[in-house]
Amino acid sequence: MATLIKSKLSNKLSNAATTVSNKSQAKVSGMFARMGFQAATDEEGLGFAACDDLDYDHRQGMQMDILTSDEMGGAGAGDGDGDALEGDSHYQRDGTGPPHSASKDGGLTDEVRPKITAWEAGWNVTNAIQGMFVLGLPYAILHGGYLGLFLIIFAAVVCCYTGKILISCLYEEDEDGQLVRVRDSYVDIANACCQPRFPSLGGHIVNVAQIIELVMTCILYVVVSGNLMYNSFPNMPISQKSWAVIATAALLPCAFLKNLKAVSKFSLLCTVAHFIINVLVIAYCLSRARDWAWDKVKFYIDVKKFPISIGIIVFSYTSQIFLPSLEGNMQKPSEFHCMMNWTHIAACILKGLFALVAYLTWADATKEVITDNLPPGIRAVVNLFLVSKALLSYPLPFFAAVEVLEKSFFQEGGRSYFPDCYGGDGRLKSWGLGLRCGLVVFTLLMAIFVPHFALLMGLTGSLTGAGLCFLLPSLFHLKLLWRKLQWHQVFFDVSIFVIGGICSISGFIHSMEGLMEAFHDNIEE
């Protein structure tokens, strides 16, 4: 009896001490939240009194996962290499170490989500930053000279860095000093930065930026298709706008897409075809190496048009939208930094060489889409391949934009503004199909009224590319990890934010001026 009374007394004293400690932690957390750095959520500010129970459950869950994994891999554990647990133990997901491989009743789940290697992740990033939009880079050198080449290198370094810090915002350290993945997407990061006062504002901003960039990408594919076909067959009585209408007619079936399984089969073929096209263009340029105009490449820049070149270069490196999802599906997330390094180094070298060699070949005659400078015979063949690639690439950003729109405005059961686009049997409703067709038609109308590839690319890069690649990652990094950053990291983040803001504003203004001038010229014609 004395032992029982002593035990109860000890427990009460321990609980009282814990409560006092937790309340002090809550006050400190609330103070930092009001300062704006490492902002605590409402649950963190009010729920510290129960943190012992939550932490106990958390640790018990981790122990159960480890025990279950050991039981499952008992036979293979004797190999000594620990290969039974795939992934990097330093990067845990949701505090549970390896991906869940057992159900609550101890049985195996029916489906295990496949993971990708660093090479496969690098291939996806390469596809994003080595796409057909590199065709506009020689035009950027036309207005920037050597400074344009420097900007290609600078943008690669900055985009690689911001990609890394964006992923670091997905993680937080647990009590053992291990990184735990507590967020899953760009939107989650944005929402975490705006808590507790505006818990969903950041997500709305990111969603709007994503929709604009994805829709503008679709518009660019239609514009470049019409441009390439018009310049491939200049003698035919079909205008560039008419070619854009024909291309859009081929894209209408995209409105019926439920998934990208069928389209994804062509992605590798498209990438290989584009690589061959780049090789053909460079080979032609090398054949005219004796006539290269080195004297045309200067440090002088066109003050009015160079900001447009900045947007073009930045847009060619945009990949931050899907990096959180890509990193979350890697077998070893610790290899993400290495993958980002070699993909951006390769992109920087290839883009720089392609832009310089193409500009040296045609100098001041360089056009917005560099393939328009090729001789008529070669141009027609190359452009037909490029049009095929553009049409096959269109469904990817289109489907992504549709998904973001449906989840943001039409998802049933959430805080949606409109009813669900799908019926109870999973079929797309008629009005939902009409909205998708309307989006395709909208991309066509924009391509018809603004048929200027380089100006649209510069506008998109300045408006959303700089925001998603430069401004938001550096801002989120400062907000979420302020107390853990060293002085040079703070300096880099602030510098990127300031430089990115200046480039974004100037590029947007000059791109709009260029589009307005082009629009007035079209009216006069």
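Scroll up to find the structure this text is about.
Going along each chain's sequence as written, the residues are numbered from 1 onward. Local features are withheld for residues below a pLDDT of 70 in this predicted model, meaning they are given only at 70 or higher, and side-chain atom pairs are given and counted only at 80 or more; totals for whole chains, interfaces and linings count all residues. The basis for every side-chain value is the complete set of heavy atoms in the structure, and neither hydrogens nor water enter the calculation.

J.: Explain the overall build of the protein chain here, please?
T.: Helix and strand assignments come from DSSP, with helices taken as H or I runs of at least 4 residues and strands as E runs of at least 2, each series counted from the N terminus. Helix and strand counts for the protein chain come out as 19 helices and three strands. Considering the protein chain as a whole, with its 525 residues, one finds that 45% of them fall into the buried category. Whether two residues are in contact is decided by their heavy atoms: any pair within 4.5 Å suffices. Long-range pairs, those at least 24 residues apart, make up 79% of the contacts in the protein chain between residues at least 6 apart in sequence. Carbon and sulfur atoms provide 64% of the accessible area of the protein chain, an area that totals close to 27,600 Å². Accessibility here uses a 1.4 Å probe with only protein chains present; expressed as a share of the type maximum, an area under 20% marks a residue as buried, one over 50% as exposed, and anything in between as partly exposed. All accessible areas in this document rest on Shrake-Rupley with a 1.4 Å probe, and a residue is counted as covered only by the protein chains that are shown.

J.: Quick question: what am I supposed to make of the pattern of salt bridges here?
T.: Think of it this way: side chains of opposite charge can pair up when their charged atoms draw near. The salt bridge definition used is simple: a Lys or Arg side-chain nitrogen within 4 Å of an Asp or Glu carboxyl oxygen. Considering all chains together, one arrives at four salt bridges under this definition. Across the pair E327 and R181 runs a salt bridge, and its minimum N-O distance is 3.0 Å. Of this pair, E327 sits in helix α13 (residues 323-328) while R181 sits in strand β3 (residues 179-181), placing them 146 residues apart in sequence. Assessed through its relative accessible area of 0%, E327 is described here as buried. The buried category is assigned to R181, whose relative accessible area is 5%. The shortest N-O distance in the salt bridge between D364 and K296 comes to 3.4 Å. In this pair, D364 sits in the loop between α14 (336-362) and α15 (376-393) while K296 sits in the loop between α11 (267-287) and α12 (306-315), placing the two residues 68 residues apart along the sequence. Among the residues examined, K296 registers a relative accessible area of 37% and is labelled partly exposed. Taken together, the shared-partner salt bridges connect R181, D184 and E327 into one network.

J.: Is there a simple way to explain the environment of L515 in this structure?
T.: Within the fold, L515 resides in helix α19 (residues 487-524). The spatial distance from the C-alpha of L515 to the C-alpha of H452 is 7.8 Å, given a sequence separation of 63 residues. Not counting chain neighbours up to four residues away, the residues in contact with L515 comprise V450, H452, L455 and L459.

J.: Even after reading the chapter, I still don't get the packing of helix α8 (residues 201-232) against helix α18 (residues 453-480), so can you show me in this structure?
T.: Two quantities define a packed helix pair, namely the angle between the axes and the distance from one axis to the other. Orientation of α8 relative to α18, taken along the N-to-C sense of each, is 155 degrees, at an axis distance of 10 Å. Classified by the interaxial angle, the pair formed by α8 and α18 is roughly antiparallel. Regarding α8 and α18, the two cross each other, and that crossing is left-handed. Along its contact with α8, which presents V206, A209, Q210, I212, E213, M216, I219, L220, V223 and V224, the element α18 presents F453, L456, M457, T460, L463, T464, G465, L468 and L472. Each residue is assigned to one of three groups, with Ala, Val, Leu, Ile, Met, Phe, Trp, Tyr, Cys and Pro labelled nonpolar, Asp, Glu, Lys and Arg labelled charged, and all others, Gly among them, labelled polar. Along the lines of polarity and charge, the residues of the contact of α8 with α18 split into 14 nonpolar, four polar and one charged. To define axes, lines are fitted to C-alpha atoms, for helices over the stretch in contact only, and angles between the resulting N-to-C directions are given on a 0 to 180 degree scale. By definition in this entry, angles of less than 35 degrees are roughly parallel, angles greater than 145 are roughly antiparallel, angles of 65 to 115 are roughly perpendicular, and the rest are oblique. Left-handed describes a crossing whose near helix is turned anticlockwise from the far helix through less than a right angle; right-handed describes the clockwise counterpart.

J.: Teacher, can you tell me more about the nonpolar core here?
T.: Nonpolar side chains in soluble globular proteins tend to be buried together. Of all hydrophobic cores here, the largest spans 121 residues; its most connected members are I313, Y317, Y394, F398, F453 and F476. When residues of this core are assigned to their parent elements, the largest contribution, 15 residues, is made by α8. In contact with Y394, other than residues within four places in its own chain, are C218, Y221, V222, L251, C254, V440 and T443. We define the nonpolar core as a collection of buried residues of types Ala, Val, Leu, Ile, Met, Phe, Trp, Tyr and Cys that are connected through side-chain atoms lying within 4.5 Å of one another.

J.: Whenever I open this one, the packing of aromatic side chains confuses me. Can you help?
T.: For any pair of aromatic rings, geometry is given as the distance between the ring centres together with the angle between the planes. Note on aromatic contacts: the rings of Phe and Tyr and the six-membered ring of Trp form a pair at centre separations within 6.5 Å, being stacked when their planes are under 30 degrees apart, edge-to-face when over 60 apart, and tilted otherwise. Applying the stated criterion across every chain, the model contains nine aromatic pairs. Ring centres of W119 and W342 lie 5.1 Å apart, and the angle between their planes is 40 degrees; on these two criteria the pair is classed as tilted. Of this pair, W119 sits in helix α4 (residues 118-129) while W342 sits in helix α14; the two residues are 223 residues apart in sequence, bridging distant segments of the chain. Classification of W119 by relative accessible area gives exposed; the value is 66%. Measuring from centroid to centroid gives 5.8 Å for Y394 and F398, while their planes differ by 20 degrees, and the two rings are stacked.

J.: Before we go on, may I ask you to explain a nonpolar patch on the surface in this structure?
T.: A surface patch of nonpolar side chains, amounting to about 570 Å² of accessible area, comprises V208, I212, L463, I505, F508, I509 and M512. The set of elements that each furnish at least two residues to the nonpolar patch consists of α8 and α19. Its place among the elements puts V208 in helix α8. Two joining distances apply to patches: 9 Å for like charges and 5 Å for nonpolar side chains (Val, Leu, Ile, Met, Phe, Trp, Tyr), and every residue must have over 30% relative accessible area and no salt bridge.

J.: Before we go on, may I ask you to explain unusual backbone geometry in this structure?
T.: The general pattern is negative phi for most residues beyond glycine and trans for most peptide bonds. The omega torsion of the bond from Q195 to P196 falls at 0 degrees, within 30 degrees of zero and hence cis. Although it is not a glycine, A363 sits at a positive phi angle of roughly 50 degrees. Residue placement: A363 occurs in the loop between α14 and α15. The class of A363 is buried, set by a relative accessible area of 8%.

J.: Can you help me understand the environment of N373 in this one?
T.: Tracing the backbone shows N373 in the loop between α14 and α15. Classification of N373 as buried rests on a relative accessible area of 13%. As for N373 and W362, which are separated by eleven residues in sequence, their C-alpha atoms are 7.4 Å apart. Setting aside its immediate chain neighbours within four residues, N373 contacts W362, A365, T366 and K367. Think of a polar contact as two N or O atoms within 3.5 Å of one another; within protein, one of them needs to be a possible hydrogen donor and the other a possible acceptor, and neighboring residues in sequence only count if both atoms come from side chains. Within the local environment of N373, its side chain forms a polar contact with the backbone oxygen of A365, the two atoms lying 2.8 Å apart.

J.: I tried to follow helix α9 (residues 240-251) on my own but got confused; where do I start?
T.: The span expected for a helix works out to 1.5 Å for each residue beyond the first. Taking 1.5 Å as the rise per residue, α9 with twelve residues should run 16 Å; its terminal C-alpha atoms sit 17 Å apart, in good agreement. Of all the positions in α9, only Q240, W243, A244, A247, T248 and L251 are classed as buried. Buried residues of α9 fall within an arc of 140 degrees about the axis and therefore sit on the same side. Tucked into the core, α9 has its buried residues touching α8, α15 and α17 (430-449). Note: the arc covers the axis-to-C-beta directions of the helix.

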